[in-house]
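Chain and residue survey
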Amino acid sequence: MIKLFPQAAALTCLLASTAQAEPSRVPNWLMNEPMSLFDWGMYKTDQHMRERLKAVDVTFSAKYFHASAQYDWKENRIKLNAMFTGDASAVTDAACIEHIKKAKGAFLNYAWEAKEQIQAAPEVMATLFSHEGGYQSKGQPKDVGEQLANITVLEVTMMRASGSGFAPQSRCSSSLTSTSVNVIKN
């Protein structure tokens, strides 16, 4: 019993000090900041982008490296970013165009034809920016998905090994509501 006493005393002290701790200024502020449906939608969009590209990685000629989603306040754009790596012959402008079409298809519920992608975009975006319970606010605009699809751009960066890291070789972009792909020249 004597051997257990120091351990029990230490546990009691730990529990007592933990019970009296309160959040400091920054955690307290964060705890009181509400999360918007837009915040939640951006989080779900980011996760959706990553999961979908990982799921179809074997269809790409270059290796899937990274994906993300961010909102650009200045441009009022949702930017979906995907990065692929490979040797110089696998990261060309032509490969970028191929990869952006496949990445867009994966993101848009595996819609591989351009016409299907344009039709799927509003539905996918509306689903990502919705309440988890499936309910809709009475004041919700009817064209939420369409408006979000209109401001969403997918950008693909093809990276090649360079020294101890990677260097961008080719970049291209496409909106979710268009079949055109723009090669971005630096």
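So, a few notes on the structure that sits alongside this text.

About the criteria used
Residues numbered from 1 in each chain as written. Predicted model: local features only at pLDDT ≥ 70, side-chain atom pairs only at ≥ 80, totals over all residues. Heavy atoms only, no water. Helix = DSSP H or I, 4+ residues; strand = E, 2+ residues; numbered from the N terminus. Buried < 20%, exposed > 50% of the residue type's maximum accessible area, 1.4 Å probe, protein only. Contact = heavy atoms within 4.5 Å. Areas by Shrake-Rupley, 256 points an atom, 1.4 Å probe, with all protein chains shown as cover. 1 Å grid on protein atoms, 1.4 Å probe; cavity = no way out; pocket = protein on both sides within 12 Å on 5 of 7 lines; lining within 4 Å. Points joined across faces, edges and corners; volume = space filled by probe spheres on them. Nonpolar A, V, L, I, M, F, W, Y, C, P; charged D, E, K, R; others polar. Pairing = 2+ DSSP bridges. Axes fitted to C-alpha atoms, helices over the stretch in contact; angles between N-to-C directions. Parallel < 35°, antiparallel > 145°, perpendicular 65-115°, else oblique. Core = buried A, V, L, I, M, F, W, Y, C linked by side-chain atoms within 4.5 Å.

1. Some remarks on the overall build of the protein chain
Looking only at helices and strands, the protein chain has six helices and five strands in total. Element order for the protein chain, N to C, with α for helix and β for strand: α-α-α-β-β-α-α-α-β-β-β. Per-residue burial over the protein chain gives 32% buried out of 186 residues. Of the contacts formed within the protein chain by residues at least 6 apart in sequence, a portion of 57% connects residues at least 24 apart. Element-wise, carbon and sulfur atoms account for 57% of the exposed surface of the protein chain, whose accessible area totals about 11,900 Å².

2. Some thoughts on the layout of surface pockets
Over the atoms, a rolling probe the size of a water molecule traces out where space has been left empty. In this structure, the largest pocket spans a volume of roughly 160 Å³. Surrounding the largest pocket, 13 residues form its lining, Ala126, Thr127, Phe129, Ser130 and His131 being those nearest its centre. For the lining of the largest pocket, the secondary-structure elements that each account for two or more residues are α3 (37-55) and α5 (114-128). Across the lining of the largest pocket, the residue classes tally to five nonpolar, six polar and two charged.

3. Points about the pairing of strand β4 (residues 165-175)
The side chains of a regular strand alternate, first on one face of the sheet and then on the other. Across 10 bridges, strand β3 (residues 152-162) lies against β4 in antiparallel orientation. Residue pairing for β4: Val153 is matched across the bridge by Ser175. The turn linking β3 back onto β4 is made up of two residues, and Gly163 within it adopts a positive phi angle of 60°. Counted between consecutive antiparallel strands, the loop separating β4 from strand β5 (residues 182-184) contains six residues.

4. Remarks on the packing of α3 against α5
Interhelical geometry of α3 versus α5 gives an angle of 120° and a closest axis separation of 8 Å. In terms of orientation, α3 and α5 fall into the oblique class. For the pair formed by α3 and α5, the contact residues are Gly41, Lys44, Thr45 and His48 on the first element and Val124, Thr127 and Leu128 on the second. The class makeup of the residues in the contact of α3 with α5 is two nonpolar, four polar and one charged.

5. Thoughts on the nonpolar core
Of all hydrophobic cores here, the largest spans 37 residues; its most connected members are Leu53, Phe107, Met125 and Val156. Secondary structure elements with two or more residues in this core: α3, β1 (63-72), β2 (77-86), α4 (93-107), α5, α6 (144-150) and β3. When near neighbours in sequence (up to four residues on either side) are disregarded, Leu53 contacts Phe60, Tyr64, Ala67, Ala82, Ala103 and Ala106.

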